[in-house]
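Observations on chain architecture
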Amino acid sequence: MMEVTADWLDAVLRENGHLDKGRVCSLRQTVSETTLSFIGRLEVVYSDETPPAAPRRLFLKMPKPEALEPAESEAIFYNAIAPLAGDLPIVRCYAASSTYVLLADVSSTHHLLWDGDLRSAELVVDSLAKLHALCWDHERLPDILAGRPEHTLLTNFLGSDRRYSQFVDTFPDAVPREWRRIYETVLSEGSGVLRARYARDRHLTLCHPDAHGANFLVPRNGTARAYILDWHVYTHWWGAHDMARLVFFEENIDPARRDALLRRYCEKLSEYGVKGYSSSDFWEDYRLSAIEIAAFVLFYQNDLILAMVERAMSIYQELKCDELF
């Protein structure tokens, strides 16, 4: 973990245009650790002449050596992509590089994860609809994202045949005949079906797509908007996929609540300015997303993969995805 000092923070804020008067005198920091990053929460003390707008509480994320590639991807998001789209539902970023991301600390107003209550779920859906609407068919987005190896979700099919074989070999008695039949179709034809949809080059946007509850900050009180976190696996795809992943990851959303959230997403897209995208268009994209999820879950580790495949197969069958081939 790099050394974080008052002088370092002063230089970073000044270089990025957030401190044109005054200086950082001192800071208090608490450090924690995640699987891939060190996390610092900074309380900043400035000299008297510093403007009141200077950030007083900051959140600093520093990648571990094995996470430098996703960190670079996140820096590209904050520096090159976020400025294209205006008021995205993201925490304010003060600086980003391959070695750190410096964000506003909003822990006093927002908390990580949401517990499945309808109001929090609605705010998460609103934030996804806002993200997608602001980036909808953006003319510059495809060129910027094309430089990323995983610029579409088609890359999740690479190696899926091998992973499926490993899965069956590991759990030979736990894979029903129906799952085997589905995977025969998904792995032989799935990427082609999704590639054909992507090739229409219409109704595409910035997709997160790791849309589980831990990647959202929701307000502690009131109706403030939710923020979307962890920008390192974003891709160019259809927005309904984020909704499909959200429903997949958050199993505590019951069917009635799920259907209400899907309707809300479509309504919000229209409210935020998306035109010519019908509810039937959304439903087709949502169902197509279940095909990608079936391939995606094959890359989970062995202690989780069986449960994940079971859920993916349940959703695939519920949505009658065989009809899409």
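Source: prediction; values computed, not measured.

Parameters and conventions
- Residues numbered from 1 in each chain as written.
- Predicted model: local features only at pLDDT ≥ 70, side-chain atom pairs only at ≥ 80, totals over all residues.
- Heavy atoms only, no water.
- Helix = DSSP H or I, 4+ residues; strand = E, 2+ residues; numbered from the N terminus.
- Rg over C-alpha atoms; globule rule 2.2 N^0.38 Å.
- Buried < 20%, exposed > 50% of the residue type's maximum accessible area, 1.4 Å probe, protein only.
- Contact = heavy atoms within 4.5 Å.
- Areas by Shrake-Rupley, 256 points an atom, 1.4 Å probe, with all protein chains shown as cover.
- Lys, Arg positive; Asp, Glu negative; His and termini not counted.
- Charge placed at Lys NZ, Arg CZ, Asp CG, Glu CD.
- Phe/Tyr/Trp six-rings, centres within 6.5 Å; stacked < 30°, edge-to-face > 60°.
- pLDDT = per-residue confidence, 0-100.
- Pairing = 2+ DSSP bridges.
- Axes fitted to C-alpha atoms, helices over the stretch in contact; angles between N-to-C directions.
- Core = buried A, V, L, I, M, F, W, Y, C linked by side-chain atoms within 4.5 Å.

**Details of the overall build of the protein**
- When helices and strands are tallied, the protein shows ten helices and ten strands.
- Against the compact-globule benchmark of 20 Å for 325 residues, the protein has a radius of gyration of 21 Å, which places it among compact chains.
- For the C-alpha atoms alone, the extent of the protein along its principal axes is close to 70 × 45 × 40 Å.
- Buried residues in the protein amount to 53% of all 325 residues.
- Look at the contacts in the protein between residues 6 or more apart in sequence, and 73% of them connect residues 24 or more apart.
- Total accessible area on the protein stands at roughly 15400 Å², and carbon and sulfur atoms take up 50% of it.
- Mean positive and mean negative side-chain charge positions of the protein (35 and 48 charges, respectively) differ by 3 Å.

**Side note on the packing of aromatic side chains**
- One pass over the full model with this rule turns up 15 aromatic pairs.
- A centroid spacing of 5.6 Å and a plane angle of 20° characterise the contact between Y198 and W237, whose relative ring orientation is stacked. Placement of the pair is Y198 in helix α6 (residues 177–199) and W237 in strand β10 (residues 235–237), with a sequence separation of 39 residues.
- Note on W237: relative accessible area 0%, which makes it buried.
- Of the aromatic side chains, those joined through ring pairs into one cluster are F77, Y78, W231 and Y234.

**Some remarks on the confidence of the model for the protein**
- In this model, the protein carries a mean pLDDT of 94, and residues with pLDDT of at least 70 account for 98%.
- Mean pLDDT in the protein bottoms out at strand β6 (residues 110–112), which sits at 86, and peaks at helix α9 (residues 279–296), which reaches 98.

**Here's the deal with the sheet that holds strand β5 (residues 100–104)**
- Taken in spatial order, the five strands line up as β1-β2-β3-β5-β4 in an open sheet, and their pairing is antiparallel. Both outer strands of the open sheet, β1 (24–33) and β4 (93–97), are each paired with one neighbouring strand and no more. In this sheet, neighbouring strand axes are inclined to one another by 20° on average, regardless of whether the strands run parallel or antiparallel.
- Here strand β3 (residues 57–63) pairs with β5 via four bridges, running antiparallel. Each bridged residue has a counterpart across the sheet, and for K61 the counterpart in β5 is V101.
- Strands in contact with helix α1 (residues 6–15) are β1, β2 (37–46), β3, β4 and β5; relative to β1, the strand with the most contacts, it is inclined by about 100°.
- Together, β3, β4 and β5 form the strand contacts of helix α2 (residues 68–81), whose direction differs from that of β4 by roughly 135°.

**Let's talk about the nonpolar core**
- Ranked by size, the top nonpolar core spans 115 residues in total, and within it L9, F77, L102, F167, L206 and V297 carry the most contacts.
- Setting aside residues no more than four positions away along its own chain, F77 makes contact with A82, P83, L88, I90, L206, W231 and Y234.

**Quick look at the pairing of β2**
- One ladder, built from nine bridges, connects β1 with β2; its direction is antiparallel. Within β2, the position partnered with L27 by the bridge is V44.
- From the end of β1 to the start of β2, which pair antiparallel, there are three residues.
- Taken together, the seven bridges between β2 and β3 define a ladder with antiparallel strand orientation. Within β3, the residue paired with L42 across the bridge is L58.

**With respect to the sheet that holds β6**
- Strands sit in the order β6-β8-β9 across an open sheet of three strands; the sheet is antiparallel. Each having just a single partner strand, β6 and β9 (227–228) make up the two edges of the open sheet.
- Here β6 runs beside strand β8 (residues 216–219); their pairing, made up of three bridges, is antiparallel. Across the sheet, the residue bridging to L112 is L217, located in β8.
- Packed onto the sheet, helix α3 (residues 118–134) meets β8 and β9 and runs at close to 125° relative to β8.

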